[in-house]
Amino acid sequence: MTEKHEISRRTFIAKGAAAGGAVVLAGAAGSALAGCSSSSGSSSTTAAASSSKPGIGVGTPVRGGALNIGLVAEIDGFYPPTNHWDTNGYLYAQCLYDPLMAIAADGSIQPYLAASCTPNATYDTFTMTLRPNVKFHDGSPLTSQVVVNNYTALKASLLTGQALTQVVSVTASDAMTVVFKLEAPNPGFTAGLATQVGYMVGQAMIDQANAKVALPTPVGTGPFVYQNWQPNNHFTCTRNPNYWRQGLPYLDQITLRPIPDTIQREATLKTGGVDMIGSTDPNTIHRFQGQSGYQVIDSATDIIGEPSMAFIMLNTVVEPTNDLSVRQALAMAIDQATVQKIFGGGFTKPVNGLFLPGSPYYTSDTGYPSYDPAAAKKLVAAYTSKHGSAPSLELLTITDPRLAQVVQIIQQMWQQVGIDVTVGQVEQADLINDFIAGKFQAATSYQFGAVDPDLNYVWWSTTTTGPIGSIALNFPRNSDPVIEQAMLTGRHTTDQATRVQAYQTVNKQLGKDLPYLWLEQYIFSEVATSKVQNFANPTLPNGMAGWGFDEGIFSPTAIWLSK
Amino acid sequence: MGKYLIRRFIQLLVVSFIISVLVFMLVHLLPGDPTTQILGANDTAANRAILLKQLGLNLPLWHQYTIWLNAAFHGNLGTSYLNHESVTHILATGAPVSIELILISQLIAFAIAIPLALVVSRKPNRWLDNISTTSTFGLLALPPFVVAPILVAVFAVGLGWFPATGYTPFTQAPLTNLHEMILPSVAITAGSIAVYFRLLRSDLISTLQQDFITMARSKGLSTTRIMWRHAFRPSSFSLLAAAGINIGSLIAGTFVVELLFAMPGIGYALVQAVEQRDYLVVQGISLVVAIAFVVIQFIIDFIFTIVDPRVVRE
Amino acid sequence: MPDDRELLDTHSSRRLLTNALPGTAATDEAILATEETTAADDVLSKKPFGFLFWFAVCFVGVILLSAVLANVLPLQNPNFQNYSALSQGPSGAHLLGTDDLGRDLLSRLVFGSRVSLIVGFCGVAIGLIFGGTAGLVSGYRGGRLDGALNAFSFIILAFPAIVAVIAIVTFWGASLFHITIILGIATIPLMYRVIRASSLSFAQRDFVVAAKTMGATDTRIVLREILPNVIPVTVTFSLITVAGLIVIEGTLAFLGLSVALPTPSWGNLINEGTANNALSTDPFIMLWPALAMFLLLWSINLIGDRLRQRFDIREGLL
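Calculation notes
- Residues numbered from 1 in each chain as written.
- Chains lettered and ligands numbered in written order.
- Predicted model: local features only at pLDDT ≥ 70, side-chain atom pairs only at ≥ 80, totals over all residues.
- Helix = DSSP H or I, 4+ residues; strand = E, 2+ residues; numbered from the N terminus.
- Buried ≥ 20, exposed ≤ 12 C-beta atoms within 10 Å, placed from the backbone.
- Contact = placed C-beta atoms within 7 Å.
- Rg over C-alpha atoms; globule rule 2.2 N^0.38 Å.
- Pairing = 2+ DSSP bridges.
- Right-handed = clockwise from strand over helix to strand, strands pointing away.
- Nonpolar A, V, L, I, M, F, W, Y, C, P; charged D, E, K, R; others polar.
- pLDDT = per-residue confidence, 0-100.
- Axes fitted to C-alpha atoms, helices over the stretch in contact; angles between N-to-C directions.
- Left-handed = near helix turned anticlockwise from the far one by under 90°.

Regarding its fold elements, chain C presents 13 helices and zero strands. Within chain C, buried positions represent 50% of all 318 residues. Sequence-distant contacts in chain C: of pairs separated by 6 or more residues, those separated by 24 or more amount to 69%.

What follows is the structure in structure tokens.
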């Protein structure tokens, strides 16, 4: 049976703490939410006689070869209980490990390393059978006991324990069967098993970690075997000859190289130092699209659920942004089209909320104010005469050259309606600290990429807000009971129409409360030379098509290099 | 001689100790702590408290410092809070990168600056001097983060002569390593060329006006001999001093080039660690950098005494 | 009696012998030497400065004046972004073109010179006042004072600068004043070391020993014997350091630690001109500030050289 998955694999900022449980949509209506494409950003390749569509391989797979991939950033480690996996982290994981469940192209959750995962009638017990004859890289077998031991470590960890509080126990009922008992019914539980907490490692690695070895050697069941890792330099893995998926992988070797600077990363691709690169700068797409010899895919064309959004976050409990009229003025002063043209290269379309056209939750009328500088000026003037001085705030961003540009654009737009704006740049770690403690007035951020809106509950809930100075995940401290109610409705209902209604309500409320000023969709892209085949076309073990490009994450298993 | 060495060694210890205290204080004064980076979305008050306790960060500062110092004495500089790599390992793999970058860039700088200065100082303000002076001022106006992308665009992407990024250890593949090192070394050498050329030229011009030069000439010594033995030696004082400081500032200053060329040096590691509040990494690298600097100064002072015997070793 | 070599040493002899008591052999020698040099000076003073010199003077003058009078000059708003004029080359409307946010590059250059000139020159001034003086004295005196100052400078120099800058700017905040102070303090040990080295080399020379035996006070020796000899190296190094500071401010901008956006400075203009692929799309952003900095340094250097030629140093005797 297909189930909607909820928890997505994202950077830690956007990772929903799944403590709140999940949502399910039983039945085949899942297709309504699946594979929504937006019409913008066509990706193309001009390599003759190879792919008709980038990332989809044509012809017979060729065995052998070494693939070099340039990453945006380095991972901090390979042990799921103690490390953060962002987009880049998941690429490493996809090489070395297999997740118990995986996301299909239609958005449903399918078994991957597990053979099946069946809930009981009340959705509080899930019985999982493992695939037989699967071996870890060190030859040890995949058994239910190993899975249980994985979960013991995951639950005990500060990082991942939170995501598993709903799991009361994980036990091995026989050699190949694992039973998950939940504290409360959660039909969508298996979605979490497609994320970081679903990747299984071998017993030897768990033992090393428990023995306090700082860097346990990665041992997984995945298509590639760990060879060596030089942090901030390169990571190499070689083909797993005993991989349980017959005939896979095709490649002999994969090397991952983190190259932080975008232009340098593109230069490395052009000089052949790597065969494919990821990017979070939409201008990369511009620079390579249509170039012969390259294929480009991006996350604008294959959206499942909610895409990551770039926005300006406003603190709703400190001055002057605690005044709704100020927030409205700030929203109306932003000309999204201009921002997108300069910041994002004109690649994206104006956004009016969390969802994009093509999503069932999308409505054209979200109540989010449109660009109207005259009206903004009036509001600011009213505020100024009421308070005696113009509203004045600091707009924060991270020390990134593109974001430096966008805040200067926004600053001018706000100043033109009479607001007094200074700009500050801080390190990412500091900015996150500021968010958590509520020590900001306005700041840039990107978040909310989630296959299901329920995963974003923690960011918008009234239960996760808190006073300035204390730790709160509802960063803007926007405590809106209507949103809370709608999120809970969406979580617990099994009726699609009610769900859609609930999340449309959330979207409209956000457009009313204005804790977020939307800028554009946050785009991930991948550029590969034309010889890299099939990097966005994974097939799941049960024959279904897997989700090809999950906001920067793709599967290396079925990639081959054409001659 | 023995006393001199002992005194310098004590100086080394004292300086290292003071620096370690200063770095410790400075980096702990920064707002925030590594827990945000580690916990991410799982950051709750409870988790943060637990994590701080696990990492030993809830202890009073002086206690944390003594624990660290004690461990350092036993050769254990700790591990990164984030990727658990040991600080010693970070240094062992990162130091060769940065050192090699600095060495090659300084060699290039000396190879260009010294001969050029020797030639132009004899005839100042002639055309060669004017061109050299003009060019060096041009070099000063081009910092590494400007030179690097230009070099890559022209020599890596355009001509394909060099790789755009990457690092292979010298011990693994010496030729590949040198091949990868050229562009980044050239990117950081510009400023050094300018400094060394200008200083040496200025000093040489002054020295060449001393009458003992005329005397040497009148004794019939050749120009080359005079330049090298009589002019260069006394003029190399300020050059050496500048070299010492330059190298010292470069030790942790290569991070821009390391970032751009994706080289895992200690400059980049240090900056990352400060930003992520990876205290032990910051402290460990800073300590070693400081020690290295003091040692380099010591070597330079020693060379002083060889170059100019009039300088008395205190 | 000072030996032949030192007597013929042009700089120090003049000063040495002006300290000499009238009627001594030294005075006679001095008179001879002075006549000799006066003759030479006459020859030199007739030589005109030359076109390049005046060009340099004008350029420096223009830069300084425009920096001071920026507000009054008919310049466009350096921070105004004109979205219909992005990344344009030089034209009638924008003499030096526009940047990638449509801001006029000429006015950004002029307003940016303020930040850079202040950072560069005030920073070096701080270094010279504290570090230079200390180095001068310390190199000459030696002894315990030298040892202590040396150790102190070690500590500042050995401290990884980047950690200090990141920490201090994060803690204290980035403003023109703060950055100038921080960079100024960073140059103190540099000036100290270089000037100390130079001072040390001259302090060992026999003319200094001679002056001491003749009863000159330490102050006199430092000011009259050592300082003039140390000046050439000091000036050279200071000029280089000015350039260095302006560039370091650019590196700070690269790290996001410099003056708050959108305030321009030559350093952050150069940075803006290399970020976001601007080198390909709009090389002018980086070109003008680099060119301006280059010309400024070259001009100051040329002026200094010509002035020295005129009033002081003869050409090399080789």
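Along chain A, the regular secondary structure elements total 13 helices and 20 strands. Taking 2.2 N^0.38 as the reference for a compact globule, 563 residues should give roughly 24 Å; the C-alpha atoms of chain A span a radius of gyration of 23 Å, in line with that estimate. Overall, the C-alpha framework of chain A stretches about 75 × 55 × 45 Å when taken along its three principal axes. Going through the 563 residues of chain A one by one, you find that 62% of them count as buried. Residue pairs at least 24 apart in sequence account for 74% of intrachain contacts in chain A once pairs closer than 6 positions are excluded.

This part covers the pairing of strand 15 (residues 420–426) of chain A. Residues and elements named next belong to chain A. By the bridge criterion, seven bridges tie strand 14 (residues 392–398) to strand 15 in an arrangement that is parallel. Pairing of E394 across the sheet is with T422, part of strand 15. With helix 9 (residues 401–415) bridging strand 14 and its parallel neighbour strand 15, the resulting β-α-β unit is right-handed.

A separate point is the interface of chain B and chain A. The accessible area lost on association of the parts is a frequent measure of interface size. The interface of chain B with chain A comprises 40 residues on the first partner and 36 residues on the second. Those elements giving two or more residues to the side of chain B that touches chain A turn out to be helix 2 (34–39), helix 3 (45–55), helix 7 (144–158), helix 11 (255–260) and helix 12 (266–275) of chain B. The element contributing the most residues to the side of chain B that touches chain A is helix 3 of chain B, with five residues. Per-class residue counts for the side of chain B that touches chain A are 19 nonpolar, 16 polar and five charged.

Residues of chain A with pLDDT of at least 70 account for 91%, and the chain-wide mean is 84. Here residues 1–51 of chain A is modelled with pLDDT under 50, and outside its nearest four sequence neighbours on either side it reaches 176 contacts, counting other chains as well.

This part is about the packing of helix 7 of chain B against helix 8 (residues 174–208) of chain B. All names here are of chain B. Packing of helix 7 against helix 8 leaves a shortest axis separation of 9 Å and a crossing angle of 145°. The two elements helix 7 and helix 8 meet at a crossing, and its hand is right-handed. Here P144, V147, A148, L151, V152, F155 and A156 of helix 7 lie close against helix 8, whose contacting residues are L183, V186, A187, I188 and A190. Of the residues assigned to the contact of helix 7 with helix 8, the class counts are 12 nonpolar, no polar and no charged.

Another aspect to go through is the sheet that holds strand 12 (residues 294–298) of chain A. All names here are of chain A. Taken in spatial order, the seven strands make up an open sheet running 8-9-10-1-11-18-12, and their pairing is mixed. Strands at the two margins of the open sheet, each flanked by one partner only, are strand 8 (224–230) and strand 12. Geometrically, the sheet is characterised by an average inter-axis angle of 15° between neighbouring strands, direction not taken into account. Most of the contacts of helix 4 (residues 262–270) go to strand 11 (residues 276–279), to which it runs at about 160°, and overall it touches strand 1 (66–71), strand 11 and strand 18 (525–529).

Turning our eyes to something else, we now look at the sheet that holds strand 13 (residues 309–314) of chain A. All names here are of chain A. Spatially, 15-14-16-13-17 is the arrangement adopted by the five strands of the open sheet, whose pairing is mixed. The sheet terminates laterally at strand 15 and strand 17 (516–521), the two strands that pair on one side only. Each strand of the sheet is rotated relative to its neighbour by a mean of 30°, with strand direction disregarded. Pairing of strand 13 with strand 17, which is carried by five bridges, proceeds in the antiparallel orientation. Considered in strand 17, the bridge of I312 is made with L517.

Residues and elements named next belong to chain A. Bridge count for strand 4 (residues 114–119) against strand 5 (residues 125–130) is five bridges, and the pairing is antiparallel. Bridging across to strand 5, P119 finds its partner in F126. Here strand 4 folds back onto strand 5, and the loop between the two strands holds five residues, one of which, Y123, carries a positive phi near 55°.

Another aspect to go through is the environment of C:A203. Structurally, C:A203 is set in helix 8 (residues 176–203). Between the alpha carbons of C:A203 and C:G102 there is a distance of 57 Å; along the sequence they are 101 residues apart.

In this model, A:L248 is joined to A:P249 through a cis peptide bond whose omega is -10°. Tracing the backbone through its elements, the reader meets A:P249 in the loop between strand 9 (234–239) and strand 10 (253–258). Look at the link from C:L261 to C:P262: it is a cis peptide, with omega at -5°. Within the secondary structure, C:P262 is located in the loop between helix 10 (218–254) and helix 11 (266–274). Unusually for a residue other than glycine, A:N232 sits at a positive phi of about 65°.

Now for the confidence of the model for chain C. Residues and elements named next belong to chain C. Averaged over all residues, the pLDDT of chain C equals 78, while 82% of them reach at least 70. Here helix 1 (residues 4–7) stands out as the element of chain C with the lowest mean pLDDT, 36, in contrast to helix 5 (residues 105–141), whose mean of 91 is the highest. A low-confidence stretch, residues 1–44 (pLDDT under 50), is modelled with 47 contacts involving residues beyond four sequence positions or located in other chains. Note on residues 313–318: pLDDT is under 50 here. Beyond four places in sequence and across chains, it has 21 contacts. Among the prediction metrics, the complex's ipTM stands at 0.87, with pTM recorded as 0.84.

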